[in-house]
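What follows is each chain in one-letter form.
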Amino acid sequence: MKRIHCCVRLLLVAMVTLLLTGCWSSKEIEDLGLIVGTSLDLETGDVSSEEQQDARYANRQLLTITNQFVTSETTVSGTKEGALPEKAYKNVSETGDAVLPTLRNMLLKVDKRSFAEHSKVIIIGEELASNINLQQTLDFFLRELEIRPSGLLFIAQDQASQALETNEPTKIPAFQLVEMMEGHERTTKILPPMTVAKLEGKLYSDSSFLLQNVSTENGEVKFAGAAIIEGKTKKLRGFLNESDLEGIAWMSGDAKGGLVKGYDEKSGTPIVYEIISAKSKIIPHVKGEQISFTIKIQSEGRIAEHWVLSDKAFDNQFLKKAEKVFEKEIERLVRKALDKTQHEFQTDVSGFGNKLRIDYPKVWQKRKKEWDQTFSEVPITCEVNVSIKDYGTSGD
Amino acid sequence: MNSTLKDKITPSQAVVIIINYILATGILTLPRASVEKVKTPDVWISVFLGGVVAMIAGVIIVKLSQQYPDKTFYQYNQDIIGKWLGWFISACVIAYFFTISAFEVRIMAEVTSLFLLEGTPTWAIILPFLWVGLYLISGGINTIARLFEIIFPITFVIFLLVAFLSLGIFEIDNLRPVLGLGVVPMLKGIKTATLAFLGPEIMLLLVAFMYPSDKSKAVKVVLAGIAIPLLFYVITVVMVIGALSIEGVLTRTWPTIELMRSFEIPGLIFERFESFLLVIWIMQIFATFTITYYAASLGLAQLFKKNMHPFLYGLLPIIYIIAMTPKNINDLFTFGDKIGHAALILFGVVPITLLLISKLKGKKA
């Protein structure tokens, strides 16, 4: 008995080692086309293939998908001669009425095996975002395993594919966008990054939200404000500009760093405030059917630049005066952003609904369906408190 | 050879066995399963209470086993309720054990083929897993316990590491308000949460394997064995919901892996951490698979009063076939729910009934 048992064990070990050799479906890196970014646009122009024309006749929307590939040939070290390739990337576009079949059609054009594990950005064109529900457009990206939920999402003014182009030979635009996003720590004009993972919660909770907007001018990619996605329709509602974003950042407490520029009352010369810390509290009040909000903003910072000749930073009077100036300026920014979101776009993108959900869950349950509508009518008061801690190396 | 009770384990080994048995599929699916029922951020409270319910059930099971300290459940239940009924209950428990073992194998195959071994045929994933398990079990309970003692610290350290790395995308607002809509939604999740704590039932057998001097510690063993997975589960649920929000969790098939895929930490040696989670998770699945497989074979051996080895080899193809039965992933999840419900009856209702009967009998005698 013991002998048999021993034999069986030996056999088991042998069989297991046979199956554990690995490399079952390995992919060589030289043969991969790494997708680092994807853009999606609405296609309105002429179409060529039969598949596309069929879709056109059936009145289905067509989208053009552009993938940015980085392959062993586009990178310098990959080329044997060591010669610099013209571009560090290769963009391939294809048109179709659903995402995956279109991507698969790219197989007809690309020699490398597409590999999306390192995809960093997804950019959606303005027209596509305002015509098709984002949940539908992005379904594939939320479902596909190869695409990581840590990728970032952008909206592009005009053509999204333009945002994946650059004139500089060594740059890869998709990576550039990711790196530019890190600037959000130092300015209030860039939104905190929206990853695919976070997007999901937003999409399914039917709340409105903002996506970073990218625009291209003369082949130069630039962050330009934010796009408002309406919660109910999940379509693009409109754009906020950079200074609106400043207001939004102050309201939602996302201001991690950045500047506030105010003007001295008497001389009209600029004084600049640099944020060290900023906190905001949105406090909902419910009285019967009446909902209102108070925003309390508290910030600490330093004077980073001032052109006022008559005053010195050593003087506390001046600091008090400057604090007043910044408080006013911040309030103005907040008011402006509120005015736009409440009245022009009638969407809540700065988390008022979320605060109501937390503090008055039962009221929220009743109101959440029509929240954007309700939000456009609620009174909001704003209190700003700025304190200046120091003024750098010059006391002048 | 192994069906006799010469093999002994220490209390700490028993604790580790319970922990490794409990931690399994739940880590990956509990956040979604419980949010589906609760629909408010209070899920973590449900999970906590689910653990408490499991502890109560665990204590009852231990009390029952302590009545017959030298026998396993399969042997003593016939003393309590007679030969035929006892035989029937033993058969049910055995069926439960090898079904759950098949379920774990299949879940493991699904997740691995989805996230790690795309393109590898399912049988090629399952077979080595089964064979390695067979190899381990043929060494008896002590061998299993020693392996579990190696697995557990690795799991513990890596799990805490990856869980806390995800703090970067954690938002406390996603977990608020606490009990905003009252306690009713939270109560709805307790059953689902309790089902994630399947495992204390192994004490029906383990008490017999503990050293005679340690048997009085069995209650403490089961409490510690449930408390640690409870901690793991609460951390998992809090982290996953904190990062992905209630709405985001609902639509994810494997929310915890999704959480690990949602962040990258540049600068560290590793940027991506889901493979770490999968590694410890597969070890945990292996642990659950082996202990249930062992429990089933032991049951058969004791039921027929034969050597364990033929049953060990005989069960292998059965486990394989059951594992391959569910047609798709939805079937698989429903299958899991059914096992859970069977467990509620087998290990919630039966032990307390048996305990009462044996107490009554004891008094008469």
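All figures in this text were calculated on a predicted structure; none of them were measured in a lab.

Engineer: Mind showing me how you'd approach the overall build of chain B here?
Structural biologist: Broken down by element type, chain B carries 15 helices and 0 strands. For chain B, buried positions account for 60% of its 365 residues. Of all intrachain contacts in chain B linking residues separated by at least 6 positions in sequence, the fraction that spans at least 24 positions is 83%. Of the roughly 13800 Å² of accessible surface on chain B, 71% is carried by carbon and sulfur atoms.

Engineer: Hey, could you run me through the domain arrangement of chain A in this one?
Structural biologist: A common measure of how large an interface is: the accessible area buried when the components associate. Residue and element names in this part refer to chain A. Domains assigned within chain A are domain 1 (29–240) and domain 2 (244–390). The straight-line distance from the C-alpha centre of domain 1 to that of domain 2 is 33 Å. Residue-level contacts link 22 residues of domain 1 with 21 residues of domain 2. Around 1700 Å² of area is buried between domain 1 and domain 2 when both sides are counted, 63% of it from carbon and sulfur atoms. There are 2 salt bridges connecting domain 1 and domain 2. E185 is the salt-bridge partner of K256, the closest N and O atoms lying 3.6 Å from each other. Here the side of domain 1 that touches domain 2 is composed, by residue class, of 9 nonpolar, 7 polar and 6 charged.

Engineer: Any chance you could explain helix α4 (residues 73–81) of chain B here in plain terms?
Structural biologist: Quick reminder: α-helices carry 3.6 residues per turn. Residues three or four places apart thus point the same way. Residues and elements named next belong to chain B. Among the 9 residues that make up α4, 7 are buried, leaving the element largely enclosed by the rest of the structure. Burial in α4 covers these residues: F73, Y74, Y76, N77, Q78, I80 and I81. Positive backbone phi, at 90 degrees, marks G82, one or two positions downstream of α4.

Engineer: Would you mind showing me how to read empty space enclosed by the protein here?
Structural biologist: If a probe the size of a water molecule is rolled over the atoms, the empty space left behind becomes visible. Residue and element names in this part refer to chain A. All told, the structure shown has 2 cavities of 30 Å³ or more when counted by the stated rule. Taken as a whole, the largest cavity encloses approximately 50 Å³ of empty space. Lining of the largest cavity is provided by H184, T187, T188, I190, L191, P192, L245, I248, A249, S252, D254 and A255. Each of two domains, domain 1 (29–240) and domain 2 (244–390), supplies a minimum of three residues to the lining of the largest cavity. Counted as a void, the second largest cavity has a volume near 40 Å³.

Engineer: Quick question: what am I supposed to make of the sheet that holds strand β11 (residues 270–287) of chain A here?
Structural biologist: Working definition: the strands of a sheet are paired by backbone hydrogen bonds and lie parallel or antiparallel to each other. Residues and elements named next belong to chain A. Sheet architecture is open: 4 strands sit in the order β10-β11-β12-β13, paired in mixed fashion. Only two strands of the sheet have a single partner each, and these edge strands are β10 (259–263) and β13 (380–390). Strand-to-strand twist of the sheet, defined as the mean angle between neighbouring strand axes without regard to direction, takes the value 35 degrees. In this structure, strand β12 (residues 290–306) lies alongside β13, joined through 10 bridges in parallel fashion.

Engineer: Help me understand the packing of aromatic side chains, please; the structure alone is not making it clear to me.
Structural biologist: Two numbers describe a pair of aromatic rings. These are the distance of the centres and the angle of the planes. Using the criterion set out here, one finds 30 aromatic pairs over all chains in the structure. Ring geometry for F352(A) and F375(A): centres 5.3 Å apart, planes at 35 degrees, overall tilted. Taken together, the residues F352(A) in helix α10 (residues 352–359) and F375(A) in helix α12 (residues 371–375) connect sequence positions 23 residues apart. A relative accessible area of 0% places F352(A) in the buried class. When the ring of Y96(B) is compared with that of F347(B), the centres are 4.9 Å apart and the planes differ by 65 degrees; the resulting orientation is edge-to-face. With Y96(B) in helix α5 (residues 83–115) and F347(B) in helix α15 (residues 329–364), this pair connects stretches of sequence that are 251 residues apart.

Engineer: Got a minute to help me understand the packing of helix α13 (residues 274–304) of chain B against helix α14 (residues 309–324) of chain B in this structure?
Structural biologist: The axes of two packed helices give the description: the angle between them and the distance between them. Residue and element names in this part refer to chain B. α14 packs onto α13 with a crossing angle of 125 degrees between their chain directions and a minimal axis gap of 9 Å. By the angle class used here, α13 and α14 are oblique. In terms of crossing hand, the pair formed by α13 and α14 is right-handed. Residues F289, Y293, A296, S297, L300, A301 and F304 of α13 form the contact with α14, whose own contacting residues are F311, L312, L315, L316 and I319. Looking at the contact of α13 with α14 residue by residue, the classes come out as 11 nonpolar, 1 polar and no charged.

Engineer: Explain the confidence of the model for chain B to me, please; I cannot follow it from the model alone.
Structural biologist: The predicted coordinates should not be examined in detail at positions where pLDDT is low. Residues and elements named next belong to chain B. Overall, the prediction assigns chain B a mean pLDDT of 89, with 98% of residues at 70 or greater. Of all the helices and strands in chain B, α4 carries the lowest mean pLDDT, 87, while helix α1 (residues 11–22) carries the highest, 93. Across the whole predicted complex the pTM is 0.87, and at the interface the ipTM reaches 0.82.

Engineer: So what exactly am I meant to see when it comes to the nonpolar core here?
Structural biologist: For soluble globular proteins, the rule of thumb is that nonpolar side chains tend to be buried together. By size, the foremost hydrophobic cluster in this structure holds 140 residues, and its most contacted members are F73(B), Y96(B), F97(B), I202(B) and M203(B). When residues of this core are assigned to their parent elements, the largest contribution, 18 residues, is made by helix α11 (residues 218–250) of chain B. Apart from residues no more than four positions distant in its own chain, F97(B) is found in contact with Y21(B), Y74(B), E201(B), I202(B), L205(B), T292(B), A295(B) and A296(B). Counting 47 residues, the second largest nonpolar core, distinct from the first, contains I282(A), I291(A), F326(A) and V384(A).

Engineer: Is there a simple way to explain the interface of chain A and chain B in this structure?
Structural biologist: On the chain B side, the residues contacting the 35 residues of chain A number 42 residues. Regarding the contact of chain A and chain B, the summed buried area is about 3400 Å², with carbon and sulfur atoms giving 58% of it. For the pair chain A and chain B, the number of links is 7 salt bridges. For E117(A), the salt bridge is made with R272(B), and the minimal N-O distance between the two is 3.5 Å. The interface formed by chain A and chain B holds 16 residue pairs in polar contact (both at pLDDT 80 or more) in total. The element contributing the most residues to the side of chain A that touches chain B is helix α1 (residues 2–19) of chain A, with 8 residues. Across the side of chain A that touches chain B, the residue classes break down as 16 nonpolar, 8 polar and 11 charged.

Engineer: Explain the UniProt feature "domain: Spore germination GerAC-like C-terminal" (unreviewed entry) in chain A here, please?
Structural biologist: The sites that carry the UniProt feature "domain: Spore germination GerAC-like C-terminal" (unreviewed entry) are, in the present numbering, residues 225–392 of chain A. Between the C-alpha atoms that bound residues 225–392 of chain A there is a distance of 30 Å. The span itself is 36% helix and 36% strand.

Engineer: Sorry if this is basic, but what is going on with the pattern of salt bridges here?
Structural biologist: When the charged atoms of two side chains lie near each other, side chains of opposite charge can form a pair. Residues and elements named next belong to chain B. According to the stated counting rule, one finds 33 salt bridges over all chains in the structure shown. For the salt bridge of E110 with R106, the shortest nitrogen-to-oxygen distance reads 2.9 Å. Taken together, the positions of E110 and R106, both in helix α5 and 4 residues apart, correspond to about one turn of that helix. Judged by its relative accessible area of 22%, E110 falls in the partly exposed class. Its relative accessible area of 7% is what places R106 among the buried residues.

Engineer: Would you mind showing me how to read the confidence of the model for chain A here?
Structural biologist: For chain A, per-residue confidence averages 87 on the pLDDT scale, and residues scoring 70 or more make up 95% of the total. Here α1(A) stands out as the least confident element of chain A, with mean pLDDT 78; strand β5 (residues 121–125) of chain A is the most confident, with 94.

Engineer: Whenever I open this one, the pairing of β12(A) confuses me. Can you help?
Structural biologist: Residues in a regular strand project their side chains so that they alternate between the two faces of the sheet. Residue and element names in this part refer to chain A. Both β11 and β12 contribute to a ladder of 16 bridges, which runs antiparallel. Residue pairing in the sheet places S280 in a bridge with I297 of β12. Hairpin connection of β11 to β12: 2 residues between the antiparallel strands, including G288 at a positive phi of 60 degrees.

The rules behind each value
Residues numbered from 1 in each chain as written. Chains lettered and ligands numbered in written order. Predicted model: local features only at pLDDT ≥ 70, side-chain atom pairs only at ≥ 80, totals over all residues. Heavy atoms only, no water. Helix = DSSP H or I, 4+ residues; strand = E, 2+ residues; numbered from the N terminus. Buried < 20%, exposed > 50% of the residue type's maximum accessible area, 1.4 Å probe, protein only. Contact = heavy atoms within 4.5 Å. Areas by Shrake-Rupley, 256 points an atom, 1.4 Å probe, with all protein chains shown as cover. Domains from an automatic or database assignment. Buried area = accessible area lost by both parts, 1.4 Å probe. Salt bridge = Lys/Arg side-chain N within 4 Å of Asp/Glu carboxyl O. Nonpolar A, V, L, I, M, F, W, Y, C, P; charged D, E, K, R; others polar. 1 Å grid on protein atoms, 1.4 Å probe; cavity = no way out; pocket = protein on both sides within 12 Å on 5 of 7 lines; lining within 4 Å. Points joined across faces, edges and corners; volume = space filled by probe spheres on them. Pairing = 2+ DSSP bridges. Axes fitted to C-alpha atoms, helices over the stretch in contact; angles between N-to-C directions. Phe/Tyr/Trp six-rings, centres within 6.5 Å; stacked < 30°, edge-to-face > 60°. Parallel < 35°, antiparallel > 145°, perpendicular 65-115°, else oblique. Left-handed = near helix turned anticlockwise from the far one by under 90°. pLDDT = per-residue confidence, 0-100. Core = buried A, V, L, I, M, F, W, Y, C linked by side-chain atoms within 4.5 Å. Polar contact = N/O pair within 3.5 Å; in protein donor to acceptor, adjacent residues only side chain to side chain. UniProt positions renumbered as here; feature names shortened; annotations may be inferred.

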